[in-house]
Amino acid sequence: MNTAEPLVMGIESSCDETGVGIVRGTRLLTNTVSSSMAEHARFGGVIPEIASRAHLEAFVPAVREALDAAGVTLADLDAIAVTSGPGLAGALMVGVAAAKALALAVDKPLYAVNHLVAHVGVGLLDTDGTLPEHLGALLVSGGHTEVLAVGDITGDVRLLGATIDDAAGEAYDKVARLLGLAYPGGPAIDRAAKDGDPGAFRFPRGLTAGKYMGSAEHPGTHRYDMSFSGLKTAVARVVEAFEAAGTPVPVADVAASFQESVVDVVSRKTVLACTEHGITTLLMGGGVAANSRLRELVTARCAEHGIRVVVPPLSLCTDNGAMVAALGARLVSSGVAPTGLSFTANPGLPVSTVSVPAGV
């Protein structure tokens, strides 16, 4: 096996994207993504059974397309990596089963990796591979909103703060539906908010009261955590009030005010966690990292504290196989033992488990 610049295929199926990526060391060769988002649009959210069936249909064509684009064969691979969690149980099972079949068929080592840590790994592609010192990550997506401290991407990742209910992306989808906007809600609200007044409505900032925050010396129970469920309910009450009065809902103003509440909390909590844990480089990932206001405010507030913000290309922020391959290549290069074939999909895999140990 080439451990200096391993050729690794990554397989991602945690939600509604079937991703197959191939990297050589830290160089991206191809990133093939087949999304079933259009099939979920009429429901206003991801339907797990539809996602699982879509993965089944898309997997073989995606693998073939990735191999052709990279100009390699399965026999050329040094290893295969697959997302084992967290994610939707049925969707994960499709990817895990497919990866096991490929690994067994071509006799290649298989690494079961953490979806969230993979979002960090993709930010190290097309670099010299050196992990920045004092690295942190902000992951914001439809299923996750988390702040991480990364000491070693192959084995030392700590969760600093997370949403205790709805993820930011989930809140965007639900509010977009309330406002009659398209799915996915993130881009739709971002567009609508550009014509609105972010100060038109003072929506709640969850978990920012003193009893939750505490102090640096005596941290509160949710100092770095976030909550968006109450915000979603507050938006619903405003919309209902306009409808009850028979007046048009000021969609742009509501969208802008909602978005400002989300990005205010996320950016404030993230900067606080970074400054109190010595993080000087912050990598952003997840689909909501594409939100223009979130990137703007996080970057500005981090700059005030000397924190450098790194945002991968937007095509690599959403779920994809390249990020799984990138993390797999780091594990191979670091001499981490492969997982083997005995593991199972784990929808609740903790972020501290970067890769599943052999025999689990």
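Residues numbered from 1 in each chain as written. Predicted model: local features only at pLDDT ≥ 70, side-chain atom pairs only at ≥ 80, totals over all residues. Heavy atoms only, no water.

### Thoughts on the overall build of the protein chain
Thinking step 1. Secondary structure assignment for the protein chain yields twelve helices and ten strands.
Thinking step 2. Taking 360 residues into account, the globule formula puts the C-alpha radius of gyration at 21 Å, and the protein chain, at 21 Å, falls close to it.
Thinking step 3. Buried residues in the protein chain amount to 52% of all 360 residues.
Thinking step 4. The long-range share in the protein chain, meaning contacts at least 24 apart out of those at least 6 apart in sequence, stands at 74%.
Thinking step 5. Total accessible area on the protein chain is roughly 14,300 Å²; 54% of this is exposed by carbon and sulfur atoms.
Thinking step 6. Computing the positive centroid from 25 side-chain charges and the negative centroid from 36, the protein chain places the two 3 Å apart. (Helix = DSSP H or I, 4+ residues; strand = E, 2+ residues; numbered from the N terminus. Rg over C-alpha atoms; globule rule 2.2 N^0.38 Å. Buried < 20%, exposed > 50% of the residue type's maximum accessible area, 1.4 Å probe, protein only. Contact = heavy atoms within 4.5 Å. Areas by Shrake-Rupley, 256 points an atom, 1.4 Å probe, with all protein chains shown as cover. Lys, Arg positive; Asp, Glu negative; His and termini not counted. Charge placed at Lys NZ, Arg CZ, Asp CG, Glu CD.)

### Examining the environment of D225
Thinking step 1. Counting through the fold element by element, D225 comes out in the loop between α7 (210–213) and α8 (229–245).
Thinking step 2. Judged by relative accessible area, D225 falls into the buried class, the value being 15%.
Thinking step 3. For D225 and M213, which are twelve residues apart along the polypeptide, the C-alpha to C-alpha distance reads 9.0 Å.
Thinking step 4. Once residues lying within four places of it in the same chain are set aside, the contact partners of D225 are L160, G161, A162, I164, L207 and K269.
Thinking step 5. Here the side chain of D225 touches H222 through a polar contact of 2.8 Å, side chain to side chain. (Polar contact = N/O pair within 3.5 Å; in protein donor to acceptor, adjacent residues only side chain to side chain.)

### Points about the state of the cysteines
Thinking step 1. Scanning the entire structure with this criterion turns up zero disulfides.
Thinking step 2. Unpaired in terms of disulfides, C15 finds its nearest cysteine sulfur in C317, a separation of 16 Å.
Thinking step 3. For C15, a relative accessible area of 22% puts it in the partly exposed group.
Thinking step 4. No disulfide involves C317; its nearest neighbouring cysteine sulfur is the one of C302, lying 15 Å away. (Disulfide = S-S within 2.5 Å.)

### A closer look at the pattern of salt bridges
Two side chains that carry opposite charge are able to pair once their charged atoms sit near each other.
Thinking step 1. Going through the model one piece at a time under the given rule, you end up with eleven salt bridges.
Thinking step 2. A salt bridge links E240 to R237, with the nearest nitrogen and oxygen atoms 2.7 Å apart. Of the two residues, E240 and R237 are both situated in helix α8; the distance of three residues between them amounts to about one turn of the helix.
Thinking step 3. Among the salt bridges present, the one from E296 reaches R293, with a minimum N-O distance of 2.8 Å. Residue E296 and its partner R293 are located together in helix α10 (residues 292–303), separated by three residues, close to a single helical turn.
Thinking step 4. Under the relative-accessibility criterion, E296 is labelled partly exposed at 47%.
Thinking step 5. Judged by its relative accessible area of 21%, R293 falls in the partly exposed class. (Salt bridge = Lys/Arg side-chain N within 4 Å of Asp/Glu carboxyl O.)

### Side note on the UniProt feature "binding site: substrate" (unreviewed entry) in the protein chain
Thinking step 1. If you check UniProt for "binding site: substrate" (unreviewed entry), the listed places come out as L139, V140, S141, G142, G143, D173, G186, D190 and N291 in our numbering. Considering only the residues just annotated, the largest pocket is lined by S141, G142, G143, D173, G186, D190 and N291.
Thinking step 2. Counting through the fold element by element, S141 comes out in the loop between β6 (135–140) and β7 (145–152).
Thinking step 3. For S141, a relative accessible area of 13% puts it in the buried group.
Thinking step 4. Ignoring sequence-local partners within four residues, the contact set of S141 consists of A167, A168, G169, E170, G286, G287 and V288.
Thinking step 5. Polar side-chain contacts of S141 include one of 3.3 Å to the backbone nitrogen of G143.
Thinking step 6. Excluding residues within four positions of it along the chain, G186 makes contact with Y172, D173 and N291. (UniProt positions renumbered as here; feature names shortened; annotations may be inferred. 1 Å grid on protein atoms, 1.4 Å probe; cavity = no way out; pocket = protein on both sides within 12 Å on 5 of 7 lines; lining within 4 Å.)

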